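# Examination of the molecular architecture
Take a look at the letters that make up each chain.
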Amino acid sequence: MKVLVVIGHQRPGSFCHAVAATACETLRQLGHEVVFHDLYQEKFDPILPHEQIPKGAVRPAEIEQHCRQLQASEGLVIVHPNWWGMPPAILKGWIDRVFCQGVAYEFSADGQVIEHLAGKRAVVFTTSNTPPDLEMQLFGDPLENLWKNCVLGFCGIKHFFRRNFGPIITSTFEERHAWLEEVRQIIERHFPAK
C-alpha cells in the first residue's frame, strides 16, 4: 500500500513529529511505501492564487506533485496540532491547494459531487492542550467534523479514524510513550500488512 503522511507542525522535535515518525516507521515495518511531507520543513506555500482555483488550472510543479501523490496513495495519515479548533494555516493551505477540483473531487453536470478519493483510508492524529472534557463542553469537536465530513468524507474517504492526544503541555514522558505505542497500534489496525 502507498501511504501519504503529512505533518503540519512548525517545531522539529515536537510530539507531533514523534507521532509522524512513529507512523512512518510502523507503516514501513508493515511493508507499505511511505511518501512523507513535513510542510513547514519544506516551506510549503499555503496561498492559493485565484487563477489556480478552476478545475484544470495550471498548477506549479510542487503542487502538481502533491496532487499526483494524493491521487496515487491508497492511504493518508495527517498529523497536526489543534489551533483554535482548526489545523495550522499551512495545513489548511495544503488542503486548499491539493484537495482541488479534478484531483480530490469534482461536480457533475447536474451538480452532484464526484468523489475521486473513494476507497482510500485515512487516519488523522491531532494534539491539543485543552483537557478533553473541557474541549467537548466548550467547543464540541470541530476537527472531527472538518476531517471526517468537510474534507475527507466530501472527497469519498469513508474509512476514517482520528485520535487526539492531550493535554500535551501537562503530559508526562510515560504518557507520551504510551501514546506513541497507541499510534503504532492504530496504524497496524488501519493499515494492516498485506
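Coordinates for the structure precede this section.
Note that the coordinates shown come from a computational prediction; the quantities given were computed from them, not determined experimentally.

What counts, and where the lines are drawn
- Residues numbered from 1 in each chain as written.
- Predicted model: local features only at pLDDT ≥ 70, side-chain atom pairs only at ≥ 80, totals over all residues.
- Heavy atoms only, no water.
- Helix = DSSP H or I, 4+ residues; strand = E, 2+ residues; numbered from the N terminus.
- Rg over C-alpha atoms; globule rule 2.2 N^0.38 Å.
- Buried < 20%, exposed > 50% of the residue type's maximum accessible area, 1.4 Å probe, protein only.
- Contact = heavy atoms within 4.5 Å.
- Areas by Shrake-Rupley, 256 points an atom, 1.4 Å probe, with all protein chains shown as cover.
- Lys, Arg positive; Asp, Glu negative; His and termini not counted.
- Charge placed at Lys NZ, Arg CZ, Asp CG, Glu CD.
- Salt bridge = Lys/Arg side-chain N within 4 Å of Asp/Glu carboxyl O.
- Expected span 1.5 Å × (residues − 1).
- Pairing = 2+ DSSP bridges.
- Right-handed = clockwise from strand over helix to strand, strands pointing away.
- Axes fitted to C-alpha atoms, helices over the stretch in contact; angles between N-to-C directions.
- Parallel < 35°, antiparallel > 145°, perpendicular 65-115°, else oblique.
- Nonpolar A, V, L, I, M, F, W, Y, C, P; charged D, E, K, R; others polar.
- Phe/Tyr/Trp six-rings, centres within 6.5 Å; stacked < 30°, edge-to-face > 60°.
- Core = buried A, V, L, I, M, F, W, Y, C linked by side-chain atoms within 4.5 Å.

Turning to the overall build of the protein chain, a few remarks are in order. Looking only at helices and strands, one finds six helices and seven strands in the protein chain. The N-to-C order of helical and strand elements in the protein chain reads β-α-β-α-β-α-β-β-β-α-α-β-α. Here the C-alpha atoms of the protein chain give a radius of gyration of 17 Å, agreeing with the 16 Å that 2.2 N^0.38 yields for 194 residues. Taken along its principal axes, the extent of the C-alpha atoms in the protein chain is 55 × 40 × 30 Å. Split into buried and exposed, the 194 residues of the protein chain put 47% on the buried side. In the protein chain, once contacts between residues fewer than 6 apart in sequence are set aside, the share between residues at least 24 apart is 78%. For the protein chain, the computed accessible surface area is about 9800 Å², with 55% contributed by carbon and sulfur atoms. A gap of 3 Å separates the mean positions of the 19 positive and 22 negative side-chain charges of the protein chain.

Below, the discussion takes up the pattern of salt bridges. Opposite charge on two side chains lets them pair, provided their charged atoms get close. Tallying each qualifying case throughout the model produces 11 salt bridges. In this structure, R59 and E64 form a salt bridge, with 3.1 Å as the shortest nitrogen-oxygen distance. On the accessibility criterion, E64 (25% relative accessible area) is partly exposed. Salt bridges sharing partners connect three or more residues here, namely E25, E181 and R184.

Further remarks concern helix α5 (residues 142–153). For α5, which comprises 12 residues, the first-to-last C-alpha distance of 14 Å sits more than 12% below the rise-based estimate of 16 Å (1.5 Å per residue). When α5 is considered as a whole, its buried residues turn out to be L143, L146, W147, V151, L152 and G153. Tucked inside the fold, the buried residues of α5 contact β3 (75–81), α3 (89–98), β5 (113–115), β6 (121–127) and β7 (159–165).

Here we take up the pairing of strand β2 (residues 33–38). Bridging between strand β1 (residues 2–7) and β2 involves six bridges; their strand directions are parallel. Following the sheet pairing, V5 is matched in β2 by F36. In this view, the connection linking β1 to its parallel neighbour β2 by way of helix α1 (residues 15–29) has right-handed handedness.

Here we come to the packing of helix α2 (residues 61–72) against α3. As a packed pair, α2 and α3 sit with axes 10 Å apart at the nearest point and diverge in direction by 80°. Classed by the angle they form, the pair α2 and α3 counts as roughly perpendicular. In contact with I63, H66, C67 and L70 of α2, α3 contributes W94, R97 and V98. Of the residues assigned to the contact of α2 with α3, the class counts are five nonpolar, one polar and one charged.

Below, the discussion takes up the packing of aromatic side chains. Considering all chains together, one arrives at eight aromatic pairs under this definition. Summarising the aromatic geometry, the rings of F15 and F165 are spaced 6.0 Å apart at their centres and angled 85° between planes, so their arrangement reads as edge-to-face. One end of the pair, F15, is in helix α1; the other, F165, is in strand β7, with 150 residues separating them in the sequence. As far as burial versus exposure is concerned, F15 and F165 are alike and both buried. Measuring from centroid to centroid gives 5.7 Å for F165 and W179, while their planes differ by 40°, and the two rings are tilted. Taken together, the positions of F165 in strand β7 and W179 in helix α6 (residues 173–190) put the pair 14 residues apart, joining distant regions of the chain. For F165, a relative accessible area of 0% gives the class buried.

Time to look at the nonpolar core. L70, L76, W94, F99, W147 and L152 are the most contacted members of the largest nonpolar core, which has 31 residues in total. Contributions of two or more residues to this core are made by β1, α2, β3, α3, β6 and α5. Residues within four places of W94 in sequence aside, it is in contact with L4, V6, L39, F44, H66, L76, I78 and F99. Judged by nonpolar contacts, the second largest core, of 23 residues, contains V3, V5, F165 and W179.

Note that every value here comes from positions in space, so none of it alone points to a role or purpose.
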